[in-house]
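Here is what each chain is made of, one letter per residue.
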Amino acid sequence: MNQALQNLLTRRSCRAYKDEQIKAEELNAVLEAGTYAPTGMGKQSPIIVSIQTPEIRNRVEKLNAAVMGNPDGHPFYGAPTLIVVFEDASSPLGIADANLVIGNLLNAANAVGLDSCYIWRAKEVFAGEEGKALKKEWNIPDHYEGAGNVILGYGMPEGKREPAPRKADYIRRI
């Protein structure tokens, strides 16, 4: 089978990570793949923020957990690297463009041997006062909203599940 198709078919979300930072070349490859996602009219409107500083990663995780309603939770599952993708909310294509970037990040992670998971609640995190302060610190324009988070790391076996069977009526051929 074609290697690209095999990569798409084998990528799974991971919810348990080793306490080991990923290699710079792996992160760079994943980030570059994100920048090659298709975007409406080729505008490349999303902004990608890569976070490997533990204090900042933990700060964003606490905000995410609070939005989730579990302030003591760990929605980033111990992953050492966090990528936040921001959408241009002034564009009707903003969220679609950002989600295409996120898809590329997830699939690229699998291609280079990393585990990943798409984590929601970025919009709510960066709409709050502390999130807005982080956006300002990172030079993210006001009209950008959090679209989603991608966590990266080396997964542990207990963090991975077998794929669910594909539903019978997933595809309709007309």
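This section reports on the structure supplied with the text. Just so we're clear, the structure is a prediction, and the values are computed from it rather than from any experiment. (Residues numbered from 1 in each chain as written. Predicted model: local features only at pLDDT ≥ 70, side-chain atom pairs only at ≥ 80, totals over all residues. Heavy atoms only, no water.)

1. Considering the state of the cysteines
Move 1: Under the criterion given, the structure shown has 0 disulfides.
Move 2: Cys 117 supplies the cysteine sulfur nearest to Cys 14, a cysteine that is in no disulfide, at a spacing of 7.8 Å. (Disulfide = S-S within 2.5 Å.)

2. Remarks on the sheet that holds strand 2 (residues 81-88)
Adjacent strands of a sheet form backbone hydrogen bonds with each other and so pair up, either parallel or antiparallel.
Move 1: Pairing is antiparallel across the open sheet formed by 4 strands, whose spatial order is 1-2-4-3. Bordering the open sheet on either side are strand 1 (47-51) and strand 3 (115-119), each of which pairs with just one other strand. Direction aside, the axes of adjacent strands within the sheet are offset by 20° on average.
Move 2: Here strand 3 runs beside strand 4 (residues 144-153); their pairing, made up of 5 bridges, is antiparallel. Considered in strand 4, the bridge of Cys 117 is made with Ile 151.
Move 3: Seen against the sheet, helix 2 (residues 24-35) touches strand 1, strand 2 and strand 4 and runs at an angle of roughly 165° to strand 1. (Pairing = 2+ DSSP bridges. Helix = DSSP H or I, 4+ residues; strand = E, 2+ residues; numbered from the N terminus. Axes fitted to C-alpha atoms, helices over the stretch in contact; angles between N-to-C directions. Contact = heavy atoms within 4.5 Å.)

3. Describing the nonpolar core
Move 1: Counting 21 residues, the largest nonpolar core has Ile 51, Val 60, Leu 82, Phe 86, Phe 126, Trp 138 and Ile 151 as its most contacted members.
Move 2: It is strand 2 that provides the largest number of residues to this core, a total of 3 residues.
Move 3: If near-sequence neighbours (up to four positions away) are discounted, Val 60 is found in contact with Ile 51, Phe 76, Leu 82, Phe 126, Leu 134 and Trp 138.
Move 4: Membership of the second largest hydrophobic core comes to 19 residues, among which are Ile 22, Val 85, Ile 102 and Leu 152. (Core = buried A, V, L, I, M, F, W, Y, C linked by side-chain atoms within 4.5 Å. Buried < 20%, exposed > 50% of the residue type's maximum accessible area, 1.4 Å probe, protein only.)

4. Topic: the side chain of Glu 87
Move 1: As for its position among the elements, Glu 87 is in strand 2.
Move 2: No salt bridge is formed by the buried Glu 87. Its closest oppositely charged neighbour is Lys 123, at 5.4 Å.
Move 3: Here Ile 95 takes part through its backbone nitrogen, which lies 3.1 Å from a polar atom of the side chain of Glu 87.
Move 4: Apart from residues no more than four positions distant in its own chain, Glu 87 is found in contact with Gly 94, Ile 95, Ala 98, His 143, Tyr 144, Glu 145 and Ala 147. (Lys, Arg positive; Asp, Glu negative; His and termini not counted. Salt bridge = Lys/Arg side-chain N within 4 Å of Asp/Glu carboxyl O. Polar contact = N/O pair within 3.5 Å; in protein donor to acceptor, adjacent residues only side chain to side chain.)

5. Structural notes on the side chain of Asn 64
Move 1: For Asn 64, the position within the fold is in helix 3 (residues 54-68).
Move 2: Of the residues examined, Asn 64 reaches a relative accessible area of 0% and is grouped as buried.
Move 3: The contact partners of Asn 64, leaving out residues within four places of it in the chain, are Pro 75, Phe 76, Ile 119, Trp 120, Arg 121, Val 125 and Asn 149.

6. Considerations on the packing of aromatic side chains
Move 1: This structure, assessed with the given rule, holds 4 aromatic pairs.
Move 2: Where Phe 86 meets Trp 138, the ring centres are 6.5 Å apart and the plane angle is 75°; that geometry is what we call edge-to-face. With Phe 86 in strand 2 and Trp 138 in the loop between helix 6 (129-137) and strand 4, this pair connects stretches of sequence that are 52 residues apart. Grouping residues by exposure puts Phe 86 and Trp 138 together as buried.
Move 3: Between Tyr 118 and Trp 120, the ring centres sit 5.2 Å apart and the planes meet at 15°, which makes this aromatic pair stacked.
Move 4: On the accessibility criterion, Tyr 118 (22% relative accessible area) is partly exposed.
Move 5: Put simply, the rings of Phe 86, Phe 126 and Trp 138 pair up and form one aromatic cluster.
Move 6: Taking NZ or CZ as reference, Lys 167 lies 5.1 Å from the ring centre of Tyr 170, over its face. (Phe/Tyr/Trp six-rings, centres within 6.5 Å; stacked < 30°, edge-to-face > 60°. Lys NZ or Arg CZ within 6 Å of the ring centre and 35° of its normal.)

7. A word on the packing of helix 2 against helix 4 (residues 94-111)
Move 1: At their nearest, the axes of helix 2 and helix 4 sit 8 Å apart, and the two run at 145° to each other. Every pair of crossing elements has a handedness; the one defined by helix 2 and helix 4 is right-handed. Of the residues in helix 4, those in contact with Val 30, Leu 31, Ala 33 and Gly 34 of helix 2 are Val 101, Asn 104, Leu 105, Ala 108 and Ala 109.
Move 2: Residue composition of the contact of helix 2 with helix 4, by class: 7 nonpolar, 2 polar and no charged. (Left-handed = near helix turned anticlockwise from the far one by under 90°. Nonpolar A, V, L, I, M, F, W, Y, C, P; charged D, E, K, R; others polar.)

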